[in-house]
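A closer look at the structure
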Amino acid sequence: MTSSTLAYAARLFLAATLALTVARLLGLTNVYWAAMPVWVVIQPHREDMALRAVLRVVGTLVGAAIGIAALRWLPVPGIALTVALTAAVGVGIAYRIGTHWAYGFTLMAITVGVVVMPALGMGAEAIPLALDRVACTLLGVISVTAVNWLFTPARRAPMPPRPNPHFIQQLWLRMAAVAALTGAATLIDAHFTHPAATAAALSVIVFSSVLGSMPNPRPAVRFLVPGVALGVLAAIAYRGLTHLSGGDQTEFLILAFAFIAGGALLRAHPRTTLLGIDINMCFLLAGEVGAPGHSLQVTAAGAAAMFTGSVVIAALMFYLSRLHPPAATA
């Protein structure tokens, strides 16, 4: 492993642990959400990182607003329809744009589910949940941008042209698939009020939105299932160690730093970067890092549900992408 890769991993580790620590000190509930942006906002060029940071925040705010409005004013069928339409529209527009500018619409599609699913499945209060996760998102964006800004070079060449993936059948297939999946996941989550059901529903909306937005999801699909598997296994191991140790939440957060260090190395290495993103995201989410969390049995059930969701979405998106392969770059 080269010195540049190690330095990159060290900056990712610093950004993630800084975001988690500040979220913990501020008393935020979903502490683990603060480290989420670190792994995906970071980009090879400064302009792209700045754009991703802004779009991450804007997409989160819009998606959270839609989710809160649906929860306050609509019955469950209307909420499910809202999630389905928002996710489908976000994925469709992101797929149509096909450049870094698409990221905000992908985040809008994801965030509406992030707000709605816990409120329906586990009875979480929508507005405090949304505000907490928006605050965590801001912390993560600020942390990764501040830590990496001086070390990220400016773009010397023009941005690559927009891909031309626009077989109209592929666009409509993806939007229909995402709408059906997310709507069904919302209804199931509302009926089965168990953390595992919420984990499955979240995995469906996150994975379908991310993969559905990509002009060509096949490279990411290759790493999704093993990445999710390793991430949730790490989460189970982490929760197992916390139950054995009997320490306080600060000690649990420090323990998580060891796992994050390994994840940062995987994210930084060119050969494992996609695998590293999935591992880190699923470890943080399934392990509820920095939060009191659930019992080991519930964590394991949620991890299994998340893994099952990843297998289903990976298979579906791979199949859809093969029906109408993306065209050559325009």
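Our subject is the structure listed above.
What you see is a predicted model; the values in this text were computed from it and never measured.

Given a rise of 1.5 Å per residue, 19 residues ought to cover 27 Å, and the 27 Å separating the end C-alpha atoms of helix 8 (residues 195-213) matches this to within 8%. Of all the 19 residues making up helix 8, 15 are buried; the element is thus mostly covered by neighbouring parts of the structure.

The subject of this paragraph is a nonpolar patch on the surface. Among the surface-exposed residues, Met-1, Leu-6 and Leu-265 lie close enough to one another that they form a single nonpolar patch of about 280 Å² accessible area. One can find Met-1 in the segment before helix 1 (3-25). Judged by its relative accessible area of 57%, Met-1 is exposed.

Within the largest apolar cluster, 82 residues are counted, with the highest numbers of intra-cluster contacts made by Trp-39, Phe-283, Leu-284 and Val-289. Counting residues per element, this core draws most heavily on helix 5 (residues 103-121), at nine residues. Setting aside anything within four residues of it in sequence, one finds Val-289 in contact with Leu-20, Val-31, Tyr-32, Tyr-238, Leu-253, Ala-256, Phe-283 and Leu-284. Membership of the second largest hydrophobic core comes to five residues, among which are Ala-64, Ile-68, Val-115 and Ala-130.

With that out of the way, let us pick up the pattern of salt bridges. Scanning all chains against the criterion turns up one salt bridge. One salt bridge in this structure joins Asp-48 and Arg-155, with 2.2 Å as the shortest N-O distance. Of the two residues, Asp-48 sits in helix 3 (residues 46-73) while Arg-155 sits in the loop between helix 6 (126-148) and helix 7 (168-191), which places them 107 residues apart along the sequence.

It is worth spelling out the packing of helix 4 (residues 76-97) against helix 8 at this point. The packing of two helices is summarised by the inter-axis angle and the distance between the axes. In contact at an axis separation of 8 Å, helix 4 and helix 8 are set at 25 degrees when each is read in the N-to-C sense. Taken together, the axes of helix 4 and helix 8 are roughly parallel relative to one another. Remark: the crossing between helix 4 and helix 8 carries right-handed chirality. Across the interface between the two elements, Val-83, Val-91, Ala-94 and Tyr-95 of helix 4 pack against Ile-205, Ser-208, Ser-209, Gly-212 and Ser-213 of helix 8. Split by residue class, the contact of helix 4 with helix 8 holds five nonpolar, four polar and no charged.

A separate point is the side chain of Arg-133. Secondary-structure assignment places Arg-133 in helix 6. We note that Arg-133 is buried and unpaired, the nearest opposite charge coming from Asp-132 at a distance of 5.7 Å. A distance of 3.1 Å separates a polar atom in the side chain of Arg-133 from a polar atom in the side chain of Asn-30. For Arg-133, the residues in contact, after removing those within four places along its chain, are Asn-30, Tyr-32, Trp-33, Val-114 and Pro-118.

Counted according to the given criterion, the structure contains five aromatic pairs. With centroids separated by 5.6 Å and ring planes inclined at 75 degrees, the aromatic side chains of Tyr-238 and Phe-283 adopt a geometry described as edge-to-face. Here Tyr-238 is found in helix 9 (residues 218-245), whereas its partner Phe-283 is found in helix 11 (residues 273-287), with 45 residues between them in sequence. Each of the two residues, Tyr-238 as well as Phe-283, counts as buried. Among the aromatic residues, those joined into a ring-pair cluster are Tyr-238, Phe-259 and Phe-283. For the cation-ring pair, Arg-52 lies above Tyr-103, with the distance from its terminal atom to the ring centre recorded as 4.0 Å.

A few words on the side chain of Ser-208. Within the secondary structure, Ser-208 is located in helix 8. You can call Ser-208 buried: its relative accessible area is 0%. Within the structure, Ser-208 has its side chain in polar contact with the backbone oxygen of Ile-205 (distance 3.4 Å). Excluding residues that lie within four positions of it along the chain, Ser-208 makes contacts with Val-91, Val-178, Leu-181, Thr-182, Ser-203, Ile-313 and Met-317.

Here helix 1 crosses helix 10 (residues 249-268) at 150 degrees, and the two axes come no closer than 8 Å. What the angle tells us is that helix 1 and helix 10 run roughly antiparallel. The two elements helix 1 and helix 10 meet at a crossing, and its hand is right-handed. Touching Thr-5, Leu-6, Tyr-8, Ala-9, Leu-12, Phe-13, Ala-16, Thr-17, Leu-20, Thr-21 and Arg-24 of helix 1 are Gln-249, Thr-250, Leu-253, Phe-257, Ile-260, Ala-261, Ala-264, Leu-265, Arg-267 and Ala-268, all from helix 10.

Cut-offs applied
- Residues numbered from 1 in each chain as written.
- Predicted model: local features only at pLDDT ≥ 70, side-chain atom pairs only at ≥ 80, totals over all residues.
- Heavy atoms only, no water.
- Helix = DSSP H or I, 4+ residues; strand = E, 2+ residues; numbered from the N terminus.
- Expected span 1.5 Å × (residues − 1).
- Buried < 20%, exposed > 50% of the residue type's maximum accessible area, 1.4 Å probe, protein only.
- Patch = residues over 30% accessible without salt bridge, like charges linked within 9 Å, V, L, I, M, F, W, Y side chains within 5 Å.
- Areas by Shrake-Rupley, 256 points an atom, 1.4 Å probe, with all protein chains shown as cover.
- Salt bridge = Lys/Arg side-chain N within 4 Å of Asp/Glu carboxyl O.
- Core = buried A, V, L, I, M, F, W, Y, C linked by side-chain atoms within 4.5 Å.
- Contact = heavy atoms within 4.5 Å.
- Axes fitted to C-alpha atoms, helices over the stretch in contact; angles between N-to-C directions.
- Parallel < 35°, antiparallel > 145°, perpendicular 65-115°, else oblique.
- Left-handed = near helix turned anticlockwise from the far one by under 90°.
- Nonpolar A, V, L, I, M, F, W, Y, C, P; charged D, E, K, R; others polar.
- Lys, Arg positive; Asp, Glu negative; His and termini not counted.
- Polar contact = N/O pair within 3.5 Å; in protein donor to acceptor, adjacent residues only side chain to side chain.
- Phe/Tyr/Trp six-rings, centres within 6.5 Å; stacked < 30°, edge-to-face > 60°.
- Lys NZ or Arg CZ within 6 Å of the ring centre and 35° of its normal.

Don't take any of this as a statement about function, it's just geometry.
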